[in-house]
Amino acid sequence: MEDPMDEKQAYQDKLNAKLDEWKAEIEKLQAKAQGAQADAQIEYQKQIEDLKNRRDEMQEELQKLQNAQSAAWNDMKAGADKAWDAMTEAMQDAWKRFS
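What comes next is a walk through the structure. (Residues numbered from 1 in each chain as written. Predicted model: local features only at pLDDT ≥ 70, side-chain atom pairs only at ≥ 80, totals over all residues. Heavy atoms only, no water.)

### Some thoughts on the overall build of the protein chain
Stage number 1. Across its full length, the protein chain holds three helices and zero strands.
Stage number 2. Reading the protein chain from its N terminus to its C terminus gives the helix and strand order α-α-α.
Stage number 3. Taking 13 Å as the expected radius of gyration for a compact globule of 99 residues, we find that the protein chain reaches 16 Å, considerably beyond that expectation.
Stage number 4. Projected onto the principal axes, the alpha-carbon positions of the protein chain cover approximately 55 × 20 × 15 Å.
Stage number 5. Relative to its full complement of 99 residues, the protein chain shows a buried share of 31%.
Stage number 6. Considering only intrachain contacts with a sequence separation of at least 6, the fraction spanning at least 24 residues in the protein chain is 75%.
Stage number 7. Distance from the positive charge centre (15 side chains) to the negative charge centre (22 side chains) of the protein chain: 5 Å. (Helix = DSSP H or I, 4+ residues; strand = E, 2+ residues; numbered from the N terminus. Rg over C-alpha atoms; globule rule 2.2 N^0.38 Å. Buried < 20%, exposed > 50% of the residue type's maximum accessible area, 1.4 Å probe, protein only. Contact = heavy atoms within 4.5 Å. Lys, Arg positive; Asp, Glu negative; His and termini not counted. Charge placed at Lys NZ, Arg CZ, Asp CG, Glu CD.)

### What about the pattern of salt bridges?
Stage number 1. Tallied over the entire structure, the rule returns seven salt bridges.
Stage number 2. For Lys28, the salt bridge goes to Glu25, with nearest N and O atoms at 3.4 Å. Placement of the pair is Lys28 and Glu25 together in helix α1 (residues 4–34), with a separation of three residues, close to one helical turn.
Stage number 3. We note a salt bridge from Glu61 to Lys64, for which the minimum N-O separation is 3.6 Å. (Salt bridge = Lys/Arg side-chain N within 4 Å of Asp/Glu carboxyl O.)

### Quick word on the packing of helix α2 (residues 38–67) against helix α3 (residues 73–98)
Stage number 1. Their axes nearest at 9 Å, the elements α2 and α3 cross at an angle of 165 degrees. By the angle class used here, α2 and α3 are roughly antiparallel. Here α2 runs over α3; the crossing is left-handed.
Stage number 2. Its residues assigned to classes, the contact of α2 with α3 shows 16 nonpolar, two polar and eight charged. (Axes fitted to C-alpha atoms, helices over the stretch in contact; angles between N-to-C directions. Parallel < 35°, antiparallel > 145°, perpendicular 65-115°, else oblique. Left-handed = near helix turned anticlockwise from the far one by under 90°. Nonpolar A, V, L, I, M, F, W, Y, C, P; charged D, E, K, R; others polar.)

### Notes on α3
Stage number 1. Compared with the 38 Å implied by 1.5 Å per residue over 26 residues, the 37 Å span of α3 between its first and last C-alpha is a close match.
Stage number 2. Among all positions in α3, only Trp73, Ala80, Ala83, Trp84, Met87, Ala90, Met91, Ala94 and Phe98 are buried. (Expected span 1.5 Å × (residues − 1).)

As structure tokens, then:
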């Protein structure tokens, strides 16, 4: 059976990697928005701000996970999973709109 602390660390590493990926994706979207027409830029900037807020929420969930005691970390993981899913969906929606 896998050590819960190893599982926690692996999950945290996965979240950190995904946060880095999302940061890069947001930067790409910002570059694309700058090349858009003025009216589209406003909409793109709103979407980018939403993505940044969601990314920040995910970062907060990661902080909670890092600080959680081993007994509570499964409960914390559920919150992080929910934030992860919301961020993934928002990122997919953003790319659809920017395409």
